[in-house]
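# Chains, contacts and geometry: an overview
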Number of protein chains: 2
Amino acid sequence: MATGEPPVPETRVLAIASHVVSGHVGNKIAVFAMQSLGCDVAALNTVQFSNHTGYRQWKGTRTSADEIWALYEGLKQSYLDNFDMMLSGYVPGAASVQVVGHIAEELRERTASAPGDFFWVLDPVMGDNGKLYVADDVAPAYKKLLRFADVILPNQFEAELLSGVKINSMETLEEAIQVLHEHFQVPHVVITSVSLSHPDHPAGSLSVIGSSRTSTGRARTFKIVFPAIDCYFSGTGDMFGALMVVRMREAVTNAPDAAELLQRRAWLSDDSVAAIDLPLARAAEKVLASMNEVLTKTCEGMKVEMQRAEATLDRRGVVGDEARKTALHLLKSGAAELRLPRNVQSLRSPSVSFRAVKM
Amino acid sequence: MATGEPPVPETRVLAIASHVVSGHVGNKIAVFAMQSLGCDVAALNTVQFSNHTGYRQWKGTRTSADEIWALYEGLKQSYLDNFDMMLSGYVPGAASVQVVGHIAEELRERTASAPGDFFWVLDPVMGDNGKLYVADDVAPAYKKLLRFADVILPNQFEAELLSGVKINSMETLEEAIQVLHEHFQVPHVVITSVSLSHPDHPAGSLSVIGSSRTSTGRARTFKIVFPAIDCYFSGTGDMFGALMVVRMREAVTNAPDAAELLQRRAWLSDDSVAAIDLPLARAAEKVLASMNEVLTKTCEGMKVEMQRAEATLDRRGVVGDEARKTALHLLKSGAAELRLPRNVQSLRSPSVSFRAVKM
């Protein structure tokens, strides 16, 4: 890719997710990532918080389900609902999840005669590592609207919640994907950050498992193994989703059968295309390459910043063990914010690469 | 500038302005512009509207003065108020303007022992072309906090409102600037889009007038003449402000006396520096070069899009003269949205150039 040349044709994306004033999670990272890769992004913010909740303290307000719908109606009444793609991330509460589903349904209907003209990347944000951070009625709300999605990006825990399959091995993981394809009719599934132990996973590595269904609903599963980075980040899922929007469109546009693919619902490849040759695999490879570079740089920067943390606390006059512990957590959270604006090159043309392999 | 190399050192900016879901005004354009040039931007949104008000219809909500203050307190309590610069744009109502002033005052106090460590670019958004689009108590609220600002960016009408000087000639314009420097103690003033007739203004040109005060409060006034573009845009003032943040810091960082300048309140140059040698002049030149390229591309794109407008109305089934007139205005507003994401190169390294001349 020539520097400065966007990797995708003009693409108008509706991004529905949280907004934080400071830092880089939700729409705050997704909008910039997609804009940097040349997309025209409509950003519908589901909250406005001072910072992400990982700091354990924040201020701000949520956008209600009615307000989300009103904003969408505002777009519609002014002919601003001409979206090619949609990305949805954190949505506060089941009522709002339902509204997001209605929006997707309407946008899907608008393109009924050209089903390839709308593509929804759904990140069903509900929890991680066995811990739910939304209300109990959110998972059922998501299940009802999965059939409108084109790609879903659950983590391992969210994949369990949606599929009802307890994932504790590669076999059960594949089973969960099969349920999502067949029972919930989801065309593409990517399960992010899988940490199951397996012979071909070197220690300290993670993997992403992806699959595009065949015409008979069978999974075509690939795996991409990449090194884990020893830092705790927030916003990685949001960045993953934003980059998937762009790289999926790019991969399909560059596929040998692009002309046909782009006319089909979910841009689904012919059954003859093998798992590792899927556009979904090409997209995920590029996304992971960018993520690896940005996370590596963030981790380096964070370590440098944390060397000054004790001095900062002294200067700020923070005394007492408990107060210093709390303050240190806040400084660490700030230092771990993804470093995107100064690493745009890693988004545009990452130099590392990871390859999809067959499961 | 090497491609990809940010023009400024790491810079953390607090941007307080409006947010629109679709399109490019307020923070929606300012945040991306500053991020693209390498800044870490905290975006505090004063409204969330579906689209800008130039469409004549929109939906959404305002952030109250209390909510703006709460978000700022949220930043403060988590050590996230370490801003190098601040940019403020549209703020809904006098109470919120007052709150923004308090925020600036606090950030200014925090750096009392190093007055060059905080720099506020204030765009006092109130109206244009003789028409006020805020409540009557907003102008007095702005007047009270001008002394905390480093650069203000009023248009001709706003400069009149703040200075109390009726501007109808180059002489009265200079008088208004003198009042802002001397009575209101504003270090730098840039008056955007001046359209006074004057012998050295070719037909179809506009100018920007800037000045940095001397130690005795005298104006040092320069002028940059540039071609007017025959399209109606929204968000140009917001883009101007965002680029001024970056280019002012760049110009000061690159000045021969950078080390001293960066320690002074408002980075004010020695009295010996002539108007056209001011960092403010260098900054404004670069800003106008980027703006000219982005606006030219936007205008070209808009014309192409509007050729399809009638067909779009037919397809959408819009019938009746009045309905078509309204719909055409909406389509035109959409087509005139600034085209930034695909023209980042014009932000980073514009190829045209305009030069500051002495008044």
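Please refer to the structure higher up on the page.
Now for a quick tour of the structure. (Residues numbered from 1 in each chain as written. Chains lettered and ligands numbered in written order. Predicted model: local features only at pLDDT ≥ 70, side-chain atom pairs only at ≥ 80, totals over all residues. Heavy atoms only, no water.)

## With respect to the relation of the copies chain B and chain A
Structural alignment of chain B on chain A gives an RMSD of 0.0 Å, achieved by rotating through 180° and translating 0.0 Å along the axis. Here the two chains are linked by the operation of a two-fold rotation axis. Ranked by how close their C-alpha atoms come to the rotation axis, the residues of chain B are headed by F32 of chain B, at 3.2 Å. Of the residues that chain B buries at the interface, 100% are likewise interface residues in chain A, meaning the two copies contact each other through the same surface. (Least-squares fit on C-alpha atoms with pLDDT ≥ 70 in both. Contact = heavy atoms within 4.5 Å.)

## So, the state of the cysteines
Residue and element names in this part refer to chain A. Inspection of the entire model under this criterion finds 2 disulfides over all chains. Disulfide partner of C231: C299, at an S-S distance of 2.0 Å. Every disulfide takes its handedness from the sign of the S-S torsion; for C231 and C299 that torsion is 75°, giving right-handed. You can see C231 sitting in the loop between β11 (221-227) and α7 (236-254) and its partner C299 sitting in helix α9 (residues 279-307), a full 68 residues away along the chain. Side by side, C231 and C299 carry an identical accessibility label, which is buried. (Disulfide = S-S within 2.5 Å. Helix = DSSP H or I, 4+ residues; strand = E, 2+ residues; numbered from the N terminus. Buried < 20%, exposed > 50% of the residue type's maximum accessible area, 1.4 Å probe, protein only.)

## Points about empty space enclosed by the protein
Here the structure, examined in full by the defined rule, presents 4 cavities of 30 Å³ or more. In this model, the largest cavity occupies a volume close to 180 Å³. In terms of lining residues, the largest cavity is bounded by 16 residues, among which H19 and V31 of chain A together with H19, K28 and V31 of chain B are the most central. Secondary-structure elements contributing two or more residues to the lining of the largest cavity are α1 (26-36) and β2 (40-49) of chain A together with α1 (26-36) and β2 (40-49) of chain B. For the lining of the largest cavity, a count of residues per class yields 6 nonpolar, 8 polar and 2 charged. Of the volumes computed, that of the second largest cavity is approximately 70 Å³. Every residue lining the second largest cavity is listed: I16, A17, G26, N27, A30, L87, S88, G89, D123, G237, D238 and G241 of chain B. When residues of the lining of the second largest cavity are traced back to their parent elements, those giving at least two are β1 (12-20), α1, β4 (85-88) and α7 (236-254) of chain B. (1 Å grid on protein atoms, 1.4 Å probe; cavity = no way out; pocket = protein on both sides within 12 Å on 5 of 7 lines; lining within 4 Å. Points joined across faces, edges and corners; volume = space filled by probe spheres on them. Nonpolar A, V, L, I, M, F, W, Y, C, P; charged D, E, K, R; others polar.)

## Overview of the interface of chain B and chain A
Contact with chain B, which involves 53 residues of that partner, is made by 53 residues of chain A. Of the roughly 4,500 Å² buried where chain B meets chain A, counting both sides, 55% is carbon and sulfur surface. Our enumeration of links across chain B and chain A arrives at 4 salt bridges. The shortest N-O distance in the salt bridge between E73 of chain B and K59 of chain A comes to 3.9 Å. Counting the contacts that link chain B with chain A gives 22 residue pairs in polar contact (both at pLDDT 80 or more). Looking at the side of chain B that touches chain A, the elements that each hand over two or more residues are β1, α1, β2, β3 (60-62), α2 (65-77) and α11 (321-335) of chain B. By residue number, the principal contributor to the side of chain B that touches chain A is β2 of chain B, which donates 8 residues. Each residue belonging to the side of chain B that touches chain A can be placed in one class, and the counts come to 24 nonpolar, 19 polar and 10 charged. (Buried area = accessible area lost by both parts, 1.4 Å probe. Salt bridge = Lys/Arg side-chain N within 4 Å of Asp/Glu carboxyl O. Polar contact = N/O pair within 3.5 Å; in protein donor to acceptor, adjacent residues only side chain to side chain.)

## Side note on the packing of aromatic side chains
Aromatic ring pairs are defined here through the distance separating the ring centres and the angle between the ring planes. Residue and element names in this part refer to chain B. Within this structure, the stated rule accounts for 9 aromatic pairs over all chains. Here the aromatic rings of F49 and W58 are separated by 5.9 Å at their centres, their planes lie at 35°, and the arrangement is tilted. By relative accessible area, which is 6% here, F49 ends up buried. Of the residues examined, W58 reaches a relative accessible area of 35% and is grouped as partly exposed. (Phe/Tyr/Trp six-rings, centres within 6.5 Å; stacked < 30°, edge-to-face > 60°.)

## So, α7 of chain B
Every α-helix winds through 3.6 residues per turn, so residues three or four apart in the chain are directed the same way. All names here are of chain B. Relative to the 27 Å expected for 19 residues at 1.5 Å per residue, α7 spans 26 Å between its end C-alpha atoms, a close match to the ideal helical length. Where α7 bends most, at M244, the angle is about 25°. With 15 of 19 residues buried, α7 lies mostly within the body of the structure. (Expected span 1.5 Å × (residues − 1). Bend = angle between axes of the 7 residues up to and from the residue.)

## Observations regarding the pairing of strand β10 (residues 205-212) of chain B
All names here are of chain B. Of all 8 residues that make up β10, 7 are buried, and the element is covered over most of its length. Pairing of strand β9 (residues 188-194) with β10 involves 5 bridges; the strand directions are antiparallel. Bridge pairing links V190 to G210 in β10. (Pairing = 2+ DSSP bridges.)

## Brief notes about the pairing of β1 of chain B
All names here are of chain B. Counting buried positions over the 9 residues of β1 gives 9, a clear majority of the element. Here β1 runs beside β2; their pairing, made up of 8 bridges, is parallel. Within β2, the residue paired with A15 across the bridge is A43. Read from β1 through α1 to β2, the crossover connection turns out right-handed. Alignment of β1 against β4, held across 4 bridges, turns out to be parallel. Each residue of the ladder has a partner; that of A15, found in β4, is L87. (Right-handed = clockwise from strand over helix to strand, strands pointing away.)

Keep in mind these values describe shape, not function.
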